[in-house]
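Geometric and topological summary
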Amino acid sequence: MQALEGVGQWALFEAERRINQNALGHAFMPTPSELRAEIDRVMEPFRERERRAAEEARRYAWEEGPPVNNDEATRARIIEGFRQLVTRLQGASGVRPPPRPPPQVPDYSQEPIEISDALRRTLKAKDHFGLDEQRGKGRRET
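These notes cover the structure that comes with them. (Residues numbered from 1 in each chain as written. Predicted model: local features only at pLDDT ≥ 70, side-chain atom pairs only at ≥ 80, totals over all residues. Heavy atoms only, no water.)

Re the overall build of the protein
If you tally the helices and strands in the protein, you get four helices and zero strands. Going from N to C terminus, the protein has its helices and strands arranged as α-α-α-α. Evaluated residue by residue, the protein yields a buried proportion of 8% over its 142 residues. In the protein, of all internal contacts separated by at least 6 residues, the share reaching a separation of at least 24 is 42%. When the accessible surface of the protein is summed, it comes to about 13600 Å², and 55% of that surface belongs to carbon and sulfur atoms. (Helix = DSSP H or I, 4+ residues; strand = E, 2+ residues; numbered from the N terminus. Buried < 20%, exposed > 50% of the residue type's maximum accessible area, 1.4 Å probe, protein only. Contact = heavy atoms within 4.5 Å. Areas by Shrake-Rupley, 256 points an atom, 1.4 Å probe, with all protein chains shown as cover.)

Next comes the structure, spelled out in structure tokens:
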């Protein structure tokens, strides 16, 4: 029982399955140390994965910074710095500058339209097939 201390059920069954498939190389019952060695071989990939995850967590962990001092003097200094920033952004007079006007969208409604070859072919096809867009008909008029 000492050899099986801290062993999970799955690891024990997997080690037993491997031993039954002649993983030890002999036909006798395994000694407790051989059974534990086989269980350790079964669990090695999982332990290696946990070790790599712990190493990666240690390597990429954020370093702890100095402790934050939240006293009244620090709070007043932060508030004063914020007020100075707002004053600098608003200008010397303390009045906000007027907002910039939105960009003007050009009016293309009065410009002449160039008829391209593709548009000309489309218009000819509509004339040829007699499509009537005003009435919403999409079939040929007879």
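A closer look at a nonpolar patch on the surface
A cluster of nonpolar side chains, namely Ile113, Ile115, Leu119 and Leu123, defines an oily patch on the protein surface of about 380 Å² accessible area. You can see Ile115 is positioned in the loop between α3 (72-90) and α4 (117-129). (Patch = residues over 30% accessible without salt bridge, like charges linked within 9 Å, V, L, I, M, F, W, Y side chains within 5 Å. Salt bridge = Lys/Arg side-chain N within 4 Å of Asp/Glu carboxyl O.)

Focus on the nonpolar core
Judged by nonpolar contacts, Ala11, Ala15, Ile19, Leu35, Ile39 and Val42 together constitute the single largest core of six residues. Sorting the residues of this core by element identifies α1 (9-20) and α2 (32-59) as the ones contributing at least two each. (Core = buried A, V, L, I, M, F, W, Y, C linked by side-chain atoms within 4.5 Å.)

What about the side chain of Glu38?
By the secondary structure assignment, Glu38 is in helix α2. Since its relative accessible area comes to 3%, Glu38 is described here as buried. If near-sequence neighbours (up to four positions away) are discounted, Glu38 is found in contact with Ala15, Arg18, Ile19, Ala23 and Leu24.

Considerations on unusual backbone geometry
The backbone of Asn22 sits at a positive phi, close to 70°, despite the residue not being glycine. Following the sequence through the fold, Asn22 ends up in the loop between α1 and α2.

Here's the deal with α2
Here α2 contains 28 residues, and its C-alpha end-to-end distance of 38 Å stays within 8% of the 40 Å for a straight helix at 1.5 Å per residue. Helix geometry: α2 is bent most strongly at Met43, by close to 45°, with proline Pro45 lying one to four residues after it. Taken together, the buried positions of α2 are Leu35, Glu38, Ile39 and Val42. Buried residues belonging to α2 abut α1. (Expected span 1.5 Å × (residues − 1). Bend = angle between axes of the 7 residues up to and from the residue.)

Points about the pattern of salt bridges
Counted by the stated rule, this structure contains ten salt bridges. When the shortest N-O distance is used, the salt bridge between Glu14 and Arg18 registers 3.5 Å. With Glu14 and Arg18 both in helix α1, this residue pair falls four residues apart, about one helical turn. Accessibility expressed as a relative area gives 14% for Glu14, which makes it buried. For Arg18, a relative accessible area of 31% puts it in the partly exposed group.

Take it as geometry only, folks, not as evidence of what the structure does.
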